[in-house]
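Architecture and fold: a report
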Amino acid sequence: MANENIFSGLKVVDLASFIAGPGAAVILSDYGADVVKVEPPSGDFWRHGNKIPPQPQSDVPYQWHLANRNKRGLALDLKSPSAAQVLERLVKWADVLIVNTLHPARKRLKLEYEDVTQWNPRLIYADLTGFGEQGPDAGLPGFDITAYWARSGLLSMTRDAGAPPTWPVAGSGDIATAVGIYSAIVTALYRRERTGRGSYVTTSLLAEGVWSASVSIQAALCEAKFFGLHDRMHPANAALNVYRSSDGTWFVLIVTPDKAAVVADAIGRADLLKDPRFSDPAKLTQNMGQLTAILDEVFSSQPMAHWYEVFNGVHVTFGAVRGPQEVIKDPQLQLNEIVVPLEGAGGKLTSTISSPIQVHGVSKTPAKRAPGIGEHNQQVLEQLGFSAAEVDALRASGAVPDLKGHQN
């Protein structure tokens, strides 16, 4: 692959916390952008996510490296009056500013779009909120579990009939939203190439959640008739269901009508196509539970390896349900550069998840560990043009902490 970095020379200031905003900056960094991660002297709270149940426990802040690899770290107390001069120079330096501070606090810190673009009209200002910029809940804090999952309707639908809402996979909505805000930034950069003008771009966890649930939300908009929550034993469609093999592996099976005959033959039950309970569409709808019971018996008779060969042989869509410890052993991950080496994180963390976008002919920046708190203070401040005396004054004022080395 050619050694080309698409965003080489692009300067990004990441003022966002937790996952979604920083995740967008990671994608930019994967393609060569120079990203400065700005956090308070105490550090971003997400540095400690590896210690908060129910997150998997580890002495290595694995989730911090995932959301902040390849960045330089600057610790800055935005509440200090002296921090304003650092913020101004950062904005003048930057092409992209990513922020997710709640708007009331943003106003107090003079971080709103109108505040910062007076310094840099070409700036791409990327704003991430929980519930959008308008409406009665615009000022509410939101995590992906509340805004992306619960408020969007996703959480109500990702459960079986009779079961209460469950706890979704941590960060999953944030990571999806990271791709959304990245897309908004890239769209604005393209606009700037054409017009020379900066942009204010935004998305919200709610908007991204509704977009993810949009097939069902669109159905609600036209008052479509909904089936009830999925009931595996009495599904709306036995051909789109979850089954278990003899070795205990659950798998998702999707048999489209054009594949019904060949699948029935492949599993040794061609007789089902002529069974009066299932051959008539009206009766089939009434007897989905009976068909599911038959298929349960068939699929529980052989291990997953057998069904893998059977389904592949007839090119039917299926997917074995894997846990995280199994997923990392999947050869598809390394062969497709989904998992890549990570340099310098320490401990057993030697690999990381690459961003999901690949551009053929372009190699991504090799993944390096996330910065410690304020690790690059001196370097970044000097790059912004602060003299040694000015840096000392910033430290004395408390705007920039006086750190000995870097802190993880």
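Relevant structure appears above.
We now turn to the structure provided with this report. Remember, it's a predicted structure, so these values are computed and weren't measured experimentally. The residue numbering used here restarts from 1 in each chain and proceeds along that chain's sequence as written. Local features in a predicted model are, by the rule used here, given only for residues with pLDDT of at least 70; side-chain atom pairs are given and counted only at 80 or more, and totals for whole chains, interfaces and linings are based on all residues. Only hydrogens and water are removed before side-chain values are computed, so all heavy atoms of the structure are retained for them.

The subject of this paragraph is the environment of phenylalanine 226. Secondary structure follows DSSP: runs of H or I at least 4 residues long count as helices, runs of E at least 2 residues long count as strands, and numbering of each begins at the N terminus. On the secondary structure map, phenylalanine 226 appears in the loop between helix H10 (214–221) and strand E7 (240–244). Its relative accessible area of 46% is what places phenylalanine 226 among the partly exposed residues. C-alpha of phenylalanine 226 to C-alpha of serine 216: the two residues are 10 residues apart in sequence and 8.7 Å apart in space. By definition in these notes, contact holds between two residues if any of their heavy atoms fall within 4.5 Å. Here phenylalanine 226 is in contact with Ser216, Ala219 and Ala220, once residues within four sequence places are set aside. Think of it in three bands: residues with accessible area under 20% of the maximum for their type are buried, residues over 50% are exposed, and the middle band is partly exposed, with areas taken using a 1.4 Å probe on protein chains only.

Bringing the sheet that holds strand E6 (residues 199–204) into the picture now. Within the open sheet, the 6 strands sit side by side as E3-E2-E1-E4-E5-E6. Their pairing is parallel. Since the sheet does not close on itself, it has two edges, and those belong to strand E3 (72–75) and E6, each with one partner. In this sheet, neighbouring strand axes are inclined to one another by 20° on average, regardless of whether the strands run parallel or antiparallel. Pairing of strand E4 (residues 96–99) with strand E5 (residues 124–129), which is carried by 4 bridges, proceeds in the parallel orientation. Residue pairing across strands places valine 96 opposite isoleucine 124, the latter belonging to E5. Here, axes are lines fitted to C-alpha atoms. For helices the fit covers the stretch in contact, and angles between N-to-C directions go from 0 to 180 degrees. Its contacts with the sheet put helix H8 (residues 172–195) on E4, E5 and E6, and the angle it makes with E6 is roughly 165°. In this analysis, strands are considered paired if DSSP registers two or more bridges between them.

Moving on: the nonpolar core. As a rule of thumb, soluble globular proteins bury nonpolar side chains together. To form a nonpolar core, buried Ala, Val, Leu, Ile, Met, Phe, Trp, Tyr and Cys residues must be joined to one another through side-chain atoms within 4.5 Å. Membership of the largest hydrophobic core comes to 28 residues, with the highest contact counts inside it found for Val86 and Leu90. Contributing elements (two or more residues each) for this core: strand E2 (34–39), helix H3 (83–93), E4, helix H5 (113–116), helix H18 (377–383) and helix H19 (388–397). Sort the elements by how many residues they give to this core and H3 lands first, with 6 residues. With sequence-adjacent residues up to four places away left out, valine 86 is seen in contact with Leu74, Leu76, Leu381, Leu384, Phe386 and Leu394. In this structure, Ala24, Ala25, Val96 and Tyr182 belong to the second largest nonpolar core, which totals 23 residues.

What follows covers a nonpolar patch on the surface. Patch membership needs two things, relative accessible area over 30% and no salt bridge, and members are linked within 9 Å if like-charged or within 5 Å if nonpolar (Val, Leu, Ile, Met, Phe, Trp, Tyr). In short, Shrake-Rupley with a 1.4 Å probe defines the accessible areas, and a residue's cover is counted only from the protein chains shown. In what follows, salt bridge is the name for a side-chain nitrogen of Lys or Arg lying within 4 Å of a carboxyl oxygen of Asp or Glu. Judged by side-chain polarity, Leu240, Trp250, Val252, Ile254 and Val321 come together as a nonpolar surface patch covering roughly 390 Å² of accessible area. Ranked by the residues each element gives to the nonpolar patch, the list is headed by strand E8 (residues 250–254), at 3 residues. Here valine 252 lies in strand E8.

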